Amino acid sequence: SRQFRLAARPVGLPKDSDWEYREEELPDPGEGEFLVAVSHISLDPAMRGWMNDARSYIPPVGIGEVMRAGALGEVVASRHPGFAVGDHVSGAFGVQSHAISDGQGVTEVDPSKVPLPVYLGVLGMTGLTAYFALLDVGRPQAGETVVVSGAAGAVGGVAGQIAKLKGCHVVGIAGGAEKCRHVVEDLGFDACIDYKNEDVAAGLKTHCPKGIDVYFDNVGGDILDACLARLAMHARVVICGAISQYNATGKVTGPSNYLALLVNRASMTGMVIFDYVERFPEAAAELAGWLAEGRLKAEVDVVTDLATFPEALLKLFRGENTGKLVLQVAA
Ligand code: NDP
């Protein structure tokens, strides 16, 4: 088994020396366990947070432990009644080529229906996060204006597409002209603001003439502040993530425009996808339906070779991915 273990707690962007790459004997499954040959690993901005020794919604990864990650793989040995050799499965298998599992939190996936990486994207945690954060927390109504940051990314791309399905006017914010073209032409958003080359406040004024009813925030920082300044009455701000702050070496920057919440009787609500586990089947079925009907596009960005994990993870923080970033274990 080849694996990446956490060697040190990073300061700022993770460095190569924060990881230990190790090769170990293949483990044998015990009674009630099975062995998975991991094929695809989900790369998530949240992994940066799990590397910190800080109180959060989930305990940090310990020094010396295999890095936590959602992944897909095939069962290659089993002493578990519910999982047979040849089954394709999704679970928290970590950044490694092989994993032992007792089946907890593991679901079966069907590679004959959609390409495997899609089970980490639209049909995985990404799609579920977009679904619940938008529909449960954002609660958009047809005709309302929804703004989504990180719009060319995994969660943002799905959130904006769902908002379009619900009849909203949808404005994305993404880095670069090509990403903005993709968000409008391929994903069907009404407009997209290139925050790296355009003035965000001016763009919001142009594209959200009646103000923002739902702001789906993936990035935090200055973009959150600009959106707060443009809220409509009774707006809902969904705090899904704040990637601009994850590698901060000093204090996290909070929004200075928060009094816009008072003026507009608006709310700002954090969401964590793990709270919705019981409703995953219902949401996954609806997402799969939209995908099958062609009403939702599944963007995946697959990079190869487990050994490149430290570099591949940094793509998220450099904005080098479009859609769901997935690491294929094989070179
Ligand atoms: P993405 O696919 O969106 O990848 C990250 C993107 O963030 C990059 O491509 C880049 O796009 C953008 N980005 C990077 N740095 C900055 C910055 N400094 N300012 C603005 N944008 C930046 O990742 P995911 O879709 O997986 O995750 C999106 C967000 O959702 C994250 O904040 C993540 O933590 C959160 N999340 C939250 C969950 C929850 O339960 N609350 C569950 C899953 C994800 P660009 O080129 O446009 O800058």
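Just so we're clear, the structure is a prediction, and the values are computed from it rather than from any experiment.

**Student:** Hey, could you run me through the environment of G175 in this one?
**Tutor:** Within the secondary structure layout, G175 lies in the loop between strand 9 (169–174) and helix 4 (177–186). Under the C-beta neighbour-count criterion, G175 is labelled partly exposed, with 19 such atoms within 10 Å. Along the primary structure G175 and A152 are separated by 23 residues, whereas in three dimensions their C-alpha atoms are 8.2 Å apart. Ignoring anything within four residues of it in the chain, the contact list for G175 reads D194, Y195, K196 and G319.

**Student:** Would you explain the confidence of the model for the protein chain in this entry?
**Tutor:** Close reading of the predicted structure is inappropriate where its pLDDT is low. Here the protein chain averages 98 in pLDDT, while 100% of its residues score no lower than 70. Here the predicted complex scores 0.98 on pTM and 0.99 on ipTM.

**Student:** Help me out: how do you make sense of the site of the ligand in this one?
**Tutor:** Around the ligand, the surrounding shell holds 31 residues, and the nearest of these are G153, A154, G175, G241 and G319. Counting residues per element, the ones that place at least two in the shell around the ligand are helix 2 (125–138), helix 3 (154–165) and helix 9 (309–318). Built from parts of two domains, the shell around the ligand gets at least three residues from each of domain 1 (2–120 + 299–328) and domain 2 (125–274).

**Student:** What should I look at first to understand the sheet that holds strand 10 (residues 191–194) in this one?
**Tutor:** Strands pair in a sheet through their backbones, by hydrogen bonds, and they do so in one of two ways: parallel or antiparallel. One open sheet accounts for six strands, arranged 10-9-8-11-12-13; its pairing is parallel. The open sheet has two free edges, formed respectively by strand 10 and strand 13 (267–270), since each of these has just one partner strand. Averaged over all pairs of adjacent strands, the angle between their axes in this sheet comes to 15°, without regard to strand direction. Relative to strand 13, strand 12 (residues 231–239) is paired through four bridges, and the arrangement is parallel.

**Student:** I would appreciate a short explanation of helix 5 (residues 200–207) in the present structure.
**Tutor:** Three- or four-residue spacings in an α-helix give side chains the same orientation, since the helix completes a turn every 3.6 residues. Looking at helix 5, one finds that the buried residues are V200, G203, L204 and H207. Buried residues of helix 5, viewed axially, fall in a sector of 100°; they line one side. Packed against the buried residues of helix 5 are strand 9, strand 10 and helix 6 (221–228).

**Student:** So what exactly am I meant to see when it comes to the environment of G82 here?
**Tutor:** With respect to the secondary-structure elements, G82 resides in the loop between strand 4 (71–78) and strand 5 (88–91). The exposure class assigned to G82 is exposed, which follows from the 11 C-beta atoms found within 10 Å. For the pair formed by G82 and F34, sequence separation is 48 residues and the distance between their alpha carbons is 9.6 Å.

**Student:** What is the right way to look at the nonpolar core in this model?
**Tutor:** In this structure, V147, A159, I173, C192, Y215, F216 and C227 are the most contacted members of the largest nonpolar core, which totals 97 residues. The dominant element in this core, judged by the number of residues it contributes, is helix 2, at seven residues. If you count residues domain by domain, this core takes at least three from each of domain 1 (2–120 + 299–328) and domain 2 (125–274). Leave out the neighbours within four places in its chain, and Y215 touches V147, C227, A235, V237 and V238.

**Student:** Is there a simple way to explain the packing of helix 5 against helix 6 in this structure?
**Tutor:** A pair of packed helices can be characterised by two numbers: the angle between their axes and the separation between those axes. Between helix 5 and helix 6, whose axes approach to 9 Å, the crossing angle comes to 40°. Between helix 5 and helix 6 lies a crossing whose hand is right-handed. Contacts between helix 5 and helix 6 involve V200, A201 and L204 on the former and, on the latter, I223, A226 and C227. Residues that form the contact of helix 5 with helix 6 fall into these classes: six nonpolar, no polar and no charged.

Rules used throughout
Residues numbered from 1 in each chain as written. Predicted model: local features only at pLDDT ≥ 70, side-chain atom pairs only at ≥ 80, totals over all residues. Helix = DSSP H or I, 4+ residues; strand = E, 2+ residues; numbered from the N terminus. Buried ≥ 20, exposed ≤ 12 C-beta atoms within 10 Å, placed from the backbone. Contact = placed C-beta atoms within 7 Å. pLDDT = per-residue confidence, 0-100. Near = placed C-beta within 6 Å. Domains from an automatic or database assignment. Pairing = 2+ DSSP bridges. Axes fitted to C-alpha atoms, helices over the stretch in contact; angles between N-to-C directions. Arc of directions from axis to C-beta. Core = buried A, V, L, I, M, F, W, Y, C linked by C-beta atoms within 7 Å. Left-handed = near helix turned anticlockwise from the far one by under 90°. Nonpolar A, V, L, I, M, F, W, Y, C, P; charged D, E, K, R; others polar.

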